[in-house]
2 protein chains.
Amino acid sequence: MSVESIAQSLTGLSIQPQAIVSHSTTNSPASWREALEGASSAPKSFELLKTLVYKPKTAKTATPVPLVIIAREGTEVISGAVGKKLGLKELRLGSEDLLTEFFSLDKNSLSPLALNEQTYPKVVTAIDSSIISSTALFAVRALSSSATIFLSGKDIYAYLKLLETQEALLQEVDFEALKVGADTLTVQPKAAPVKEKKEDAKIEGAIQIAIGIKKEVDFAGWYTNVLIKAEMMDYYNVSGCYILRPWSYSIWEVIQDWFNARIREMEVQNAYFPMFVSSKVLEREKDHIEGFSPEVAWVTRAGNSDLEEPIAVRPTSETVMYPYYAKWIKSHRDLPLKLNQWNNVVRWEFKNPQPFLRTREFLWQEGHTAFLTKAEADTEVREILELYRQVYEDLLAVPVIPGIKSEKEKFAGGLYTTTIEGFVPTTGRGIQAGTSHCLGQNFSRPEMFNIFVEDPNDPTGQGKVYVWQNSWGLSTRTIGVMVMIHGDNQGLVLPPRVASIQVIIVPCGITAKTSDESRKAINDKCEELSKSLKSVGVKAKADLREGYTPGFKFNDWEQKGVPLRLEIGPADLAKQQTLSVRRDTGTKAPLPLADLMASVPKLLDTIQADMFKRAQDTYFSRLREVTRWEDVVPTLEDKCVAVMPWCEEEACEDDIKERSARAAEPQDERAPSAGAKSLCIPFDQSKWPPIEPGKTKCTACGKDAKRWTMFGRSY
Amino acid sequence: MSVESIAQSLTGLSIQPQAIVSHSTTNSPASWREALEGASSAPKSFELLKTLVYKPKTAKTATPVPLVIIAREGTEVISGAVGKKLGLKELRLGSEDLLTEFFSLDKNSLSPLALNEQTYPKVVTAIDSSIISSTALFAVRALSSSATIFLSGKDIYAYLKLLETQEALLQEVDFEALKVGADTLTVQPKAAPVKEKKEDAKIEGAIQIAIGIKKEVDFAGWYTNVLIKAEMMDYYNVSGCYILRPWSYSIWEVIQDWFNARIREMEVQNAYFPMFVSSKVLEREKDHIEGFSPEVAWVTRAGNSDLEEPIAVRPTSETVMYPYYAKWIKSHRDLPLKLNQWNNVVRWEFKNPQPFLRTREFLWQEGHTAFLTKAEADTEVREILELYRQVYEDLLAVPVIPGIKSEKEKFAGGLYTTTIEGFVPTTGRGIQAGTSHCLGQNFSRPEMFNIFVEDPNDPTGQGKVYVWQNSWGLSTRTIGVMVMIHGDNQGLVLPPRVASIQVIIVPCGITAKTSDESRKAINDKCEELSKSLKSVGVKAKADLREGYTPGFKFNDWEQKGVPLRLEIGPADLAKQQTLSVRRDTGTKAPLPLADLMASVPKLLDTIQADMFKRAQDTYFSRLREVTRWEDVVPTLEDKCVAVMPWCEEEACEDDIKERSARAAEPQDERAPSAGAKSLCIPFDQSKWPPIEPGKTKCTACGKDAKRWTMFGRSY
């Protein structure tokens with residue numbers, strides 16, 4: 001069909017093309033745009049229109065009904081969210097074959113103009129709702145990769161509307177809203193419909209720089225708002241990836257420094273292994289890779305060359321490292337081998353991403369160690385877990401409960417997994433905060449990586465020992481958990497030990513009437529205090545920015561969570577004191593200047609301790625001893641953790657999850673599952689009455705219980 | 001064709017299949033292997049045979065002649081090297097269409113059995129030379145994805161030999177050797193053919209753990225050997241990627257700590273941006289991306305889903321970051337913005353990779369800053385360059401010359417590039433050691449990232465200022481340069497300031513006759529010294545390993561480059577002294593134990609200073625003032641840098657490169673170019689006679705010279 005005949009038939013439908021441009025053959029949006037920008041007959045301003053064809057999952061025997069999506073080139077289409085919206089399962093981008101079959105076109109020639117009375121009824125068509133009333137011009141492929149017709153959004157819509165029938169309605173979808181929804185919303189149980197709730201959540205009379213959404217009402221909205229406004233992160237134009245701005249990255253650096261010093265004492269060495277894994281190596285350990293393969297990102301092309309075999313970006317480094325462990329470990333004298341690396345890993349999750357908690361790329365450390373004996377491996381697993389506990393409790397003031405994971409929840413391919421479990425009271429959900437795995441000999445076995453040494457204790461000299469291995473990791477999730485636990489409706493609240501500014505000093509009481517001399521005296525005092533505090537190890541800063549009111553500065557630093565504010569005005573100077581304001585409690589108290597180098601460090605310690613104590617009290621108050629099944633779901637609905645005597649059988653865990661999900665109130669489809677899973681079996685069982693073997697029964701199934709186990713909803 | 005009829009025709013050719021196995025349909029090497037391992041009729045031990053089809057570049061009108069490669073599944077086929085070997089240009093993996101066209105098969109059914117009297121003459125066939133005499137069994141696709149025939153390597157070869165004709169010879173290629181060649185060899189000018197040279201390079205009588213290759217004879221072989229034996233790195237099974245082992249990574253950590261402290265003083269903040277870039281954003285700056293696009297790695301698939309658009313792995317982060325700079329910089333009060341990140345980047349080079357110097361993934365820091373004025377940007381460019389100089393000269397004891405790059409050699413898309421240029425005397429090649437770029441307003445311009453603020457100095461309030469930007473980076477290349485400069489035929493030589501062990505203490509003189517008491521006294525003394533030295537800030541270690549001789553330990557630590565060895569035996573103890581041995585010079589001297597806490601730190605400082613001085617003297621001795629063109633090539637052949645009065649015109653630089661390459665001796669094709677390029681225009685011109693404007697002429701073209709410029713071969 002020539003471009004002229006297409007134009008003619010459009011005119012016949014009372015749709016007037018604004019321009020018709022022939023150009024060189026183009027094979028990508030970029031080259032298409034370039035060709036049009038170089039064409040003198042093209043309009044000065046336009047947007048590219050994209051047409052995507054997806055194939056939903058259908059029975060093999062059924063004829064597929066493709067989904068055709070018409071959107072602005074710049075609009076990201078999240079197939080998962082669209083599928084849910086339209087009730088289509090497992091959307092996959094259609095192959096070239098599919099395009100040929102349905103439209104006799106390739107993707108560089110495809111446009112809504114390929115929909116006609118023959119093709120339209122065979123597909124489902126969805127159009128970006130932002131296009132339908134737009135008078136802006138869109139570049140539309142004239143069923144050719146070398147010809148373009150320019151139509152307004154309205155005209156594209158009119159064209160499709162002419163094809164619509166009772167059986168095949170044109171779907172109008174707000175892709176941007178879907179995307180935002182996917183990114184930021186987690187709906188609370190019992191909540192009213194989203195739209196209404198959003199409005200409720202707005203804080204009345206909140207000034208522009210405040211958070212604007214209440215933590216208790218719209219937690220997910222509050223969370224991302226706090227992160228953005230405190231300059232912890234920013235969204236990024238690749239979905240599921242986020243920018244870690246200095247305000248959050250500096251927290252990660254504090255954790256790195258602290259942890260590096262500790263593991264160095266344990267003689268762990270830092271190293272760096274490549275981020276790429278060949279598919280062959282990645283697939284070596286089947287249980288292990290099964291846990292990751294749906295999320296692996298594959299590099300298939302370099303420059304313009306296809307790679308001979310696709311190469312994976314590491315989702316974790318067991319299979320990257322262990323072939324070399326096999327090479328390096330030649331004798332028991334090479335043991336233990338203890339390496340750690342700080343790196344980025346990629347898990348291309350299709351679930352809702354959430355900054356810090358679930359992101360497609362994230363930063364972490366991963367330790368990988370090998371020992372001659374299980375006893376040594378066991379000891380290290382617990383030593384590392386203890387370090388992780390200290391990172392959370394001592395640095396981040398976030399309480400956690402150490403324990404062991406159930407068989408179902410352990411690391412794929414490992415022997416057992418220990419964990420520290422955190423808890424977000426606002427949502428009543430548990431969160432896995434850090435894990436230390438014993439891999440046993442699962443990766444060292446001959447059919448896996450074959451890592452062995454001659455047994456030094458075998459007198460015949462013939463015996464082999466397959467090494468005992470651990471792996472352990474802590475990620476930037478730490479930061480997200482800290483924000484969720486401590487943040488409030490004024491914004492972030494930072495524990496002093498991880499705050500890159502612990503004390504902000506703000507000059508106050510300066511008015512138009514204040515003499516230059518007095519103004520200078522106040523500013524100088526602020527600067528002097530800041531220096532003195534730094535000299536005793538306090539991270540202090542004087543905010544002497546011109547052109548901002550003290551009130552603005554107060555809000556600004558409160559939002560960013562600085563633990564302590566010192567205000568200095570003329571009256572304070574006269575009295576040789578400063579007004580201190582705690583971020584965590586809002587408590588105000590005058591502090592004598594003379595004593596500041598002692599009182600401020602002490603106050604910071606108090607803030608740190610108080611923040612932890614409050615959070616721990618809350619966590620512990622939400623642990624409910626549950627011995628009757630009928631109390632489980634009400635406990636969850638009460639935003640609590642059900643601690644139950646449990647049989648520790650996998651079937652029982654599956655059953656608990658399913659029964660508790662079924663019994664719970666209906667959830668928004670974007671919310672995490674409402675079912676309970678085992679969070680951990682706490683090491684410290686002394687909080688609960690002793691389990692009597694043969695007498696104490698599993699709350700869920702009535703079989704003999706083994707240990708008290710925490711069950712709850714989780715992230 | 002059924003599997004039985006294939007087997008029959010093979011038998012007719014006197015080729016006896018060892019087994020014939022039917023199995024479920026398989027669509028990858030992994031699933032094929034799995035199916036065979038699960039089949040009871042398959043042999044216990046076998047290798048998969050892979051058959052790859054490549055399409056060389058041919059004129060559009062010509063019929064393509066595909067290249068069929070038959071290799072072991074585990075053998076990596078580097079298409080670039082194979083192409084060179086066979087004289088075929090730009091090999092690309094053939095499409096499914098091509099396979100269908102030539103063999104009516106898909107890639108999961110293809111095998112050498114698809115070659116017959118019809119197909120063989122239409123293609124070029126190359127077989128892995130390691131297969132042709134092998135009696136091992138190979139799994140060969142029986143022209144089906146669900147049937148496999150097992151043949152010995154010899155039989156596969158025999159089969160193909162029967163098809164060979166005078167016009168279509170069977171090519172036998174050693175793919176492993178090609179790969180090793182590509183990985184490790186750089187041939188010296190004037191060198192004898194590779195094989196002979198390799199033998200010369202072996203050091204006579206060298207014991208097993210020594211380096212074994214002479215630095216002066218086979219530099220590239222020596223370099224990788226030192227790196228492996230000193231446990232600096234290991235090869236990795238993805239070509240062009242290497243493992244940084246703790247011995248090298250710890251050097252990187254020293255550099256990180258030092259540099260972080262310095263840039264913090266400059267108020268640069270660390271942050272982390274995602275590693276993925278959308279193609280749209282990546283392609284925004286055309287000059288810039290032109291420099292990188294042939295090397296960009298593309299993620300096109302996640303799990304089993306194709307991505308809607310391929311996503312690039314960052315080769316550098318200008319285009320990742322600057323859209324957000326545009327967002328964050330709203331007022332001149334947001335300036336300067338100074339961010340830095342420590343991260344991995346990927347440049348999928350097809351040139352010979354070389355550990356640390358040219359690798360597909362590498363670690364670096366990249367700083368990105370924005371200023372209101374050019375003056376501020378200019379100042380920072382030089383401040384950072386000075387820090388880079390200090391990293392090399394003060395930490396790594398590697399002399400560099402700071403200067404500016406020519407227009408041809410500057411950073412793509414930037415305004416100007418400053419550099420510190422290193423020099424490897426053994427090869428006479430310059431090496432770019434670190435660069436600090438002023439980007440000018442090239443990235444902030446409205447048609448690029450549109451980063452501007454209202455001009456605070458414009459009284460009308462209408463003026464806009466597009467920000468002035470810099471970017472600067474230093475990579476793990478630092479480590480490679482250090483190894484090349486300081487290493488010797490005993491192995492690595494580490495400058496004390498970056499050595500993770502500065503002093504190794506080795507107990508000596510212990511024989512079978514030594515009493516337990518005396519043995520203990522010596523060992524205890526070693527341990528005690530190590531502790532005392534640590535207490536004065538010296539990184540000391542006592543090597544008390546059992547079962548190794550002192551000689552073994554000496555070699556071991558020499559190879560790893562530990563700057564100072566202290567030996568302690570019974571005689572030393574009696575005299576209350578220790579024998580010190582310097583790694584850099586081999587100088588031995590007794591040191592009184594009483595004085596050690598003062599003498600050792602001093603000696604380490606001396607070693608550091610001496611290493612730098614020696615290297616700098618050598619570098620400077622290789623800078624030759626060249627004012628006659630006929631002296632240029634002899635200067636290069638003498639492994640020197642030609643410092644010439646230069647006109648600074650790009651055409652002249654092109655000309656110099658070409659003329660000097662033509663005049664030089666023929667090089668092995670794998671060696672870096674023999675032509676000279678401009679290394680830098682040194683800031684300090686005072687080493688050479690003043691350029692007299694209008695009088696001093698360019699050595700190369702005779703036009704007016706502007707500045708003395710270093711020209712040389714380079715990495």
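Above this text sits the structure in question.
Quantities reported herein were computed from a predicted structural model and do not represent experimental measurements. (Residues numbered from 1 in each chain as written. Chains lettered and ligands numbered in written order. Predicted model: local features only at pLDDT ≥ 70, side-chain atom pairs only at ≥ 80, totals over all residues. Heavy atoms only, no water.)

Some details on the sheet that holds strand β24 (residues 540-542) of chain B
Residue and element names in this part refer to chain B.
Inference 1: Reading across from one edge, β24-β23-β25-β26-β27 is the order of the five strands in this open sheet, with mixed pairing throughout. Each of the sheet's edge strands pairs with one partner strand only, and the pair in question is β24 and β27 (588-592). Geometrically, the sheet is characterised by an average inter-axis angle of 25° between neighbouring strands, direction not taken into account.
Inference 2: Bridge count for strand β23 (residues 503-507) against β24 is three bridges, and the pairing is parallel. Paired with V503 across the strands is A540, a residue of β24.
Inference 3: In the packing of helix α15 (residues 516-535) onto the sheet, the strands contacted are β23, β24 and β25 (564-568), and the crossing angle to β23 comes to about 170°. (Pairing = 2+ DSSP bridges. Helix = DSSP H or I, 4+ residues; strand = E, 2+ residues; numbered from the N terminus. Axes fitted to C-alpha atoms, helices over the stretch in contact; angles between N-to-C directions. Contact = heavy atoms within 4.5 Å.)

Quick notes on the interface of chain A and chain B
Inference 1: Opposite the 73 residues of chain A that make contact, chain B presents 74 residues.
Inference 2: Looking at the side of chain A facing chain B, the largest losses of area belong to A:Y272, A:F276 and A:E308, adding up to 12% of the total buried there.
Inference 3: Summed over the shared surface of chain A and chain B, the number is four salt bridges.
Inference 4: Residue A:E308 pairs with B:K50 through a salt bridge whose shortest N-O separation is 2.7 Å.
Inference 5: For the side of chain A that touches chain B, the leading source of residues is strand β14 (residues 305-313) of chain A, giving seven residues. (Buried area = accessible area lost by both parts, 1.4 Å probe. Salt bridge = Lys/Arg side-chain N within 4 Å of Asp/Glu carboxyl O.)

Topic: the state of the cysteines
All names here are of chain A.
Inference 1: As enumerated under the stated definition, the model contains zero disulfides over all chains in all.
Inference 2: Left unpaired, C438 is separated from the closest cysteine sulfur, that of C680, by 18 Å.
Inference 3: With no disulfide of its own, C680 lies 16 Å from the sulfur of C640, the closest cysteine sulfur. (Disulfide = S-S within 2.5 Å.)

Some points on the nonpolar core
Inference 1: Ranked by internal contacts, the top residues of the largest apolar core, which has 213 residues, are A:Y325 and B:Y325.
Inference 2: With nine residues, the top contributor of residues to this core is helix α9 (residues 246-265) of chain A.
Inference 3: Excluding residues that lie within four positions of it along the chain, A:Y325 makes contacts with A:F273, A:L337, A:L339, A:H368, A:A370, A:I451 and A:Q469.
Inference 4: Membership of the second largest hydrophobic core comes to 36 residues, among which are A:V3, A:L49, A:L143 and A:A168. (Core = buried A, V, L, I, M, F, W, Y, C linked by side-chain atoms within 4.5 Å. Buried < 20%, exposed > 50% of the residue type's maximum accessible area, 1.4 Å probe, protein only.)

Overview of helix α8 (residues 219-229) of chain A
Residues and elements named next belong to chain A.
Inference 1: The buried fraction of α8 is high, at eight of eleven residues.
Inference 2: Along α8, the positions that sit buried rather than exposed are F219, A220, G221, W222, Y223, T224, V226 and L227.
Inference 3: Looking one or two residues past α8, E231 carries a phi angle of roughly 60°, positive in sign.

Thoughts on the relation of the copies chain A and chain B
Between the two copies of the chain lies a relationship made up of a rotation around an axis and a movement along it.
Inference 1: Under the fitted operation, chain A is carried onto chain B by 0.1 Å of movement along the axis and a turn of 180°, and the coordinates agree to an RMSD of 0.5 Å. Both copies of the chain, as the preceding transformation shows, are related through a two-fold rotation axis. Nearest to the rotation axis, the C-alpha of A:V299 is located 2.1 Å from it, this being the minimum over chain A.
Inference 2: Both copies share a contact surface, since 100% of the interface residues of chain A are interface residues in chain B too. (Least-squares fit on C-alpha atoms with pLDDT ≥ 70 in both.)

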